[in-house]
Amino acid sequence: QTVYNAASVAKLFAGTLASSLAMDGPKDGSIISFDLDEPTMNYIGGTGWHLNPGALPHTHTPRQLLAHIGCIPNYGGMYPTVPNTSNHYENMTSAAKSHVWPVGLMADTNTGKTGIQNCTVGSSYSYSTAAYTLLGAVMETITGRDAHTLLRTEITQPLGLTSTRAQFETPSLVPDYDRAVPYVVHSQHHHSTSLRKEEGAGAGYVPTNYPNNSWKFFGAGMESSALDLARFGDDVRRHRVVASAAAASDMWTRVPPSKHGAGWRVFGTQRRRAEEEEGSSGTRGRRWIASHGGSWAGARSYLAVYPDDGLSIAI
């Protein structure tokens, strides 16, 4: 039941929510118009939304944001960049409008494997947490509900996930006895025996504070327990969130050239049993896996769902 920062596993909740809203509609039966393949500009970016001087205009779709092929900058190592900030934002729209949208798109991307290349929306993969802030703003706009309320009403309350929530829905971290204390390497004592074991998880580690991550709630600003994550994965597999099989298949289908579908990183296919019978080999034994990992201050997280095998594994 220990509560940890879920880091980038938050993207799975956002992707599942987006798929559910687009394919099945809200749980309360209200009518919305949401198409993952419509330009994002059809939902946000109008009056009051501004780009920085010289910034490239936004030309992506929600599906491209989900699959990291929208050429949205990430924080660190990119130009332009969306820097991390500890400023508090009450919703994704305010964060997107003032912190992410003005930066515009990247002209170039560096995957670390192929070096610097032109970034083309829909054709270039470039991982971005900030893209999920824009996605959150889209979902807030089409439903008229803030992202925190959407998470509760569409996912956590119906599924009984009591420890899964925004880490900073309010400016200060709400006390929780079950929340793990994050530790970081103490720069002056790393690899040193002068720090007592009682001062951290081991010599060289000291407790730290969680930074306010409200601007990236849907990208890396949630907290949860391993039990809640495993239950969420199993409920998604059982179509308790995304109701229709067609919607689930769409969510767990790669969007080329990305290896991601709607947030979920996908390996293998539903056809693995037939392929195994034919003696073919492939990615990870052809098992169909939908997963994502994450790391941030004091936490590492991972959730993997094996739809064909009836498994959901959270670490």
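Scroll up a little and you will see the structure.
Residues numbered from 1 in each chain as written. Predicted model: local features only at pLDDT ≥ 70, side-chain atom pairs only at ≥ 80, totals over all residues. Heavy atoms only, no water.

Considering the side chain of His68
So, step 1. Considering the arrangement of structural elements, one finds His68 in the loop between helix H2 (62–66) and helix H3 (92–100).
So, step 2. In this structure the side chain of His68 is engaged in a polar contact, spanning 3.0 Å, whose partner is the backbone nitrogen of Ser128.
So, step 3. Apart from the residues within four sequence positions on either side, His68 is in contact with Lys11, Ser124, Tyr125, Ser126, Tyr127, Ser128, Tyr132 and His260. (Helix = DSSP H or I, 4+ residues; strand = E, 2+ residues; numbered from the N terminus. Polar contact = N/O pair within 3.5 Å; in protein donor to acceptor, adjacent residues only side chain to side chain. Contact = heavy atoms within 4.5 Å.)

Considering helix H7 (residues 226–237)
So, step 1. Helix length check: H7 (12 residues) gives 17 Å between terminal C-alpha atoms against 16 Å at 1.5 Å per residue, within 8%.
So, step 2. The complete set of buried residues in H7 reads Asp228, Leu229, Phe232, Gly233, Asp234, Asp235, Val236 and Arg237.
So, step 3. Close packing links the buried residues of H7 with helix H1 (10–23), helix H5 (147–159), strand S7 (222–225), helix H8 (245–251), strand S10 (299–306) and strand S11 (311–314).
So, step 4. Once H7 ends, the next one or two residues include His239, with phi positive near 65 degrees. (Expected span 1.5 Å × (residues − 1). Buried < 20%, exposed > 50% of the residue type's maximum accessible area, 1.4 Å probe, protein only.)

Considering the state of the cysteines
So, step 1. This model, assessed by the stated rule, comprises one disulfide.
So, step 2. Residue pairing for Cys71: its cysteine sulfur links by disulfide to Cys119, the two sulfurs lying 2.2 Å apart. Taking the sign of the torsion about the S-S bond as the criterion, the disulfide between Cys71 and Cys119, at about -105 degrees, is left-handed. Within this pair, whereas Cys71 is found in the loop between H2 and H3, its partner Cys119 is found in the loop between strand S3 (116–118) and helix H4 (130–143), the two being separated by 48 residues in sequence. In this pair, the class of Cys71 matches that of Cys119, namely buried. (Disulfide = S-S within 2.5 Å.)

A short note on the nonpolar core
Side chains of a nonpolar character, in soluble globular proteins, are inclined to be buried together.
So, step 1. With 64 residues, the main nonpolar core has Phe34, Met139, Ile155, Phe218, Phe232 and Trp264 as its most contacted residues.
So, step 2. The element contributing the most residues to this core is H4, with nine residues.
So, step 3. What Phe218 contacts, discounting residues up to four positions off in sequence, is Ala10, Lys11, Ala14, Leu17, Met92, Tyr132, Gly136, Met139 and Ala147. (Core = buried A, V, L, I, M, F, W, Y, C linked by side-chain atoms within 4.5 Å.)

Digging into a nonpolar patch on the surface
So, step 1. Nonpolar side chains collect at one region of the surface, where Val181, Tyr183, Val185 and Tyr205 lie side by side and expose about 330 Å² of accessible area between them.
So, step 2. Position of Tyr183 relative to the elements: it lies in strand S5 (residues 183–185).
So, step 3. We classify Tyr183 as partly exposed; its relative accessible area is 31%. (Patch = residues over 30% accessible without salt bridge, like charges linked within 9 Å, V, L, I, M, F, W, Y side chains within 5 Å. Areas by Shrake-Rupley, 256 points an atom, 1.4 Å probe, with all protein chains shown as cover. Salt bridge = Lys/Arg side-chain N within 4 Å of Asp/Glu carboxyl O.)

A word on the pattern of salt bridges
So, step 1. In total, this model carries 12 salt bridges according to the counting rule given.
So, step 2. With a shortest N-O distance of 2.9 Å, Glu169 and Arg152 are connected by a salt bridge. Of this pair, Glu169 sits in the loop between strand S4 (165–166) and S5 while Arg152 sits in helix H5, and the two are 17 residues apart along the sequence.
So, step 3. Judged by its relative accessible area of 30%, Arg152 is partly exposed.

A short note on H5
So, step 1. Between the first and last C-alpha of H5 there are 17 Å, a value that for 13 residues agrees with the 18 Å anticipated at 1.5 Å per step.
So, step 2. At Thr153, H5 shows its largest bend, some 40 degrees.
So, step 3. Residues of H5 that are buried: Ala147, His148, Leu150, Leu151, Glu154, Ile155, Thr156 and Leu159.
So, step 4. Between a side-chain oxygen at the N-terminus of H5 and the backbone nitrogen of His148 the separation is 3.0 Å; the capping residue is Asp146.
So, step 5. Backbone geometry just after H5 places Gly160 at a positive phi near 70 degrees. (Bend = angle between axes of the 7 residues up to and from the residue.)

A short note on the packing of aromatic side chains
For any pair of aromatic rings, the description rests on two quantities: the centre-to-centre distance and the angle between the ring planes.
So, step 1. Applying the stated rule across the entire model yields nine aromatic pairs.
So, step 2. On the basis of an interplanar angle of 80 degrees and a centroid distance of 5.4 Å, the ring pair of Trp49 and Trp101 is categorised as edge-to-face. Separated by 52 residues along the polypeptide, Trp49 in the loop between H1 and H2 and Trp101 in the loop between H3 and strand S2 (108–110) bring together distant segments of the chain. Neither residue differs from the other here; Trp49 and Trp101 are each classed as buried.
So, step 3. The interplanar angle of 90 degrees and the centroid separation of 5.6 Å between the aromatic rings of Trp252 and Trp288 together place this pair among those described as edge-to-face. Taken as a pair, Trp252 in the loop between H8 and strand S8 (265–267) and Trp288 in the loop between helix H9 (272–277) and strand S9 (289–296) lie far apart in primary sequence, 36 residues in all. (Phe/Tyr/Trp six-rings, centres within 6.5 Å; stacked < 30°, edge-to-face > 60°.)

As for the sheet that holds S11
So, step 1. Taken in spatial order, the four strands of this open sheet run S8-S9-S10-S11, and their pairing is antiparallel. Only two strands of the sheet have a single partner each, and these edge strands are S8 and S11. On average, adjacent strands in this sheet sit at an angle of 15 degrees to one another, irrespective of strand direction.
So, step 2. Two elements, S9 and S10, share seven bridges in a ladder whose sense is antiparallel. (Pairing = 2+ DSSP bridges. Axes fitted to C-alpha atoms, helices over the stretch in contact; angles between N-to-C directions.)

Quick look at the sheet that holds S4
So, step 1. Strand order in the open sheet formed by three strands is S1-S7-S4, and the pairing between neighbours is antiparallel. Edge strands, defined here as strands with exactly one partner in the open sheet, are strand S1 (3–5) and S4.
So, step 2. Where S4 lies against S7, two bridges are found, and the strand directions are antiparallel. Looking across to S7, one finds that Ala166 is bridged to Met222.

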